[in-house]
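A look at the structure
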Amino acid sequence: VKAHAELAVKAGFSMLKITDELSKSFVLDGLPAIDIGVGINTGEMNVGDMGSEYRRAYTVLGDAVNLGSRLESLTKYYGVRFLVSQMTAQQCKNMTFRTIDKVKVKGKTEAVIIYEPVDPDLLMNPDFVAALQRHEQALVLYWQQHWNEAEQLWASLYQRYNDKLYSLYLERLTHYRTHQTGADWDGVYTHAEK
């Protein structure tokens, strides 16, 4: 399928919408609410019937699959519901993304930029678009180690939206002010957990 990455992101949005509907009905029935995170990566993998004649499973295996799984786990850390890798975002030319971080995940030595897909309906809201632009600007300043300018942008965003992502970056800025990063700092955050 030519537009497989874009279709995967659309499927992720559908999963979140259906989960929200299910969660509401669960709560009405006295059951706990459910919430999921979605992680998508694009790359080569092995797909098919794996195993032996005694034990088989139709599954996917490979480094690209592992990164997708790590992204799903990181949704909670960043306070978002949906993360994709730069490999996926690059193939979704008709979609908008919020840049989240530059990371190394457990088991990987190479850094990857991760993004949150933006629901197209949100792009109709000029306040949301302005906030998205301010966040992207703050992230560039952060990677350039312009702590004060980045802090001003994220502090105003956090004050208005109370978004966990902005809080996380404000905490990092506090840390980097007391623990110098050095000229060779590449802005990569290393995650030790799965």
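The structure we're discussing is the one just above.
**Structural notes on the overall build of the protein**
- Within the protein, the secondary structure is distributed over 6 helices and 7 strands.
- C-alpha extents for the protein along the principal axes are approximately 60 × 45 × 35 Å.
- For the protein, the residues scored as buried account for 37% of the 194 residues in total.
- The contacts of the protein with a sequence gap of at least 6 include a subset with a gap of at least 24, amounting to 60%.
- In the structure as shown, the protein presents an accessible area of about 11,800 Å², 52% of it carried by carbon and sulfur atoms.
- Side chains of the protein give 21 positive and 24 negative charges; the mean places of these two sets differ by 2 Å.

**Quick notes on the sheet that holds strand β5 (residues 97-104)**
- Spatially, 5 strands are ordered β1-β4-β6-β5-β7 in an open sheet, and the strand pairing comes out mixed. Only two strands of the sheet have a single partner each, and these edge strands are β1 (38-40) and β7 (189-190).
- Sheet topology note: the β5/strand β6 (residues 112-117) ladder contains 6 bridges and is antiparallel. Residue T99 lies in a different strand from β6, and its bridge partner there is Y115.

**Some words on the packing of aromatic side chains**
- A full pass over the atoms with the stated rule returns 13 aromatic pairs.
- A centroid spacing of 5.8 Å and a plane angle of 70° characterise the contact between Y142 and W154, whose relative ring orientation is edge-to-face. Here Y142 is found in helix α4 (residues 126-143), whereas its partner W154 is found in helix α5 (residues 147-161), with 12 residues between them in sequence. Taken as a pair, Y142 and W154 share a single burial class, namely buried.
- With a centroid separation of 5.5 Å and an interplanar angle of 70°, the aromatic rings of W147 and W185 are classed as edge-to-face. Of this pair, W147 sits in helix α5 while W185 sits in the loop between α6 (164-178) and β7; the two residues are 38 residues apart in sequence, bridging distant segments of the chain. W185 shares its class with W147; the two are buried.
- The rings of Y142, W147, W154, Y169, Y176 and W185 are connected pair by pair, giving a single aromatic cluster.
- We note K102 situated over the ring of W143; from NZ or CZ to the ring centre the distance is 4.4 Å.

**Looking at the packing of α4 against α5**
- In the contact formed by α4 and α5, the axes pass within 8 Å of each other and the chain directions differ by 150°. As judged from the angle between their axes, α4 and α5 are roughly antiparallel. For the crossing formed where α4 meets α5, the hand is left-handed. Seen from α4, the contacting residues are D127, A131, R134, H135, Q137, A138, L139, L141 and Y142; seen from α5, they are W147, E149, A150, L153, W154, S156, L157, R160 and Y161.
- Here the residues of the contact of α4 with α5 are counted per class, giving 11 nonpolar, 3 polar and 4 charged.

**So, the nonpolar core**
- Counting 29 residues, the largest nonpolar core has Y78, L83, I100, I114, Y142, W154 and L173 as its most contacted members.
- Secondary structure elements with two or more residues in this core: α2 (63-78), β5, β6, α4, α5 and α6.
- Counting residues per element, this core draws most heavily on α6, which supplies 7 residues.
- Sequence-distant contacts of W154, defined by excluding residues within four places in its chain, comprise H135, A138, L139, Y142, Y166, Y169, L170 and L173.
- Core analysis: the second largest hydrophobic core is formed by 12 residues, I40, A89, M95 and F97 among them.

Rules and cut-offs
Residues numbered from 1 in each chain as written. Predicted model: local features only at pLDDT ≥ 70, side-chain atom pairs only at ≥ 80, totals over all residues. Heavy atoms only, no water. Helix = DSSP H or I, 4+ residues; strand = E, 2+ residues; numbered from the N terminus. Buried < 20%, exposed > 50% of the residue type's maximum accessible area, 1.4 Å probe, protein only. Contact = heavy atoms within 4.5 Å. Areas by Shrake-Rupley, 256 points an atom, 1.4 Å probe, with all protein chains shown as cover. Lys, Arg positive; Asp, Glu negative; His and termini not counted. Charge placed at Lys NZ, Arg CZ, Asp CG, Glu CD. Pairing = 2+ DSSP bridges. Phe/Tyr/Trp six-rings, centres within 6.5 Å; stacked < 30°, edge-to-face > 60°. Lys NZ or Arg CZ within 6 Å of the ring centre and 35° of its normal. Axes fitted to C-alpha atoms, helices over the stretch in contact; angles between N-to-C directions. Parallel < 35°, antiparallel > 145°, perpendicular 65-115°, else oblique. Left-handed = near helix turned anticlockwise from the far one by under 90°. Nonpolar A, V, L, I, M, F, W, Y, C, P; charged D, E, K, R; others polar. Core = buried A, V, L, I, M, F, W, Y, C linked by side-chain atoms within 4.5 Å.

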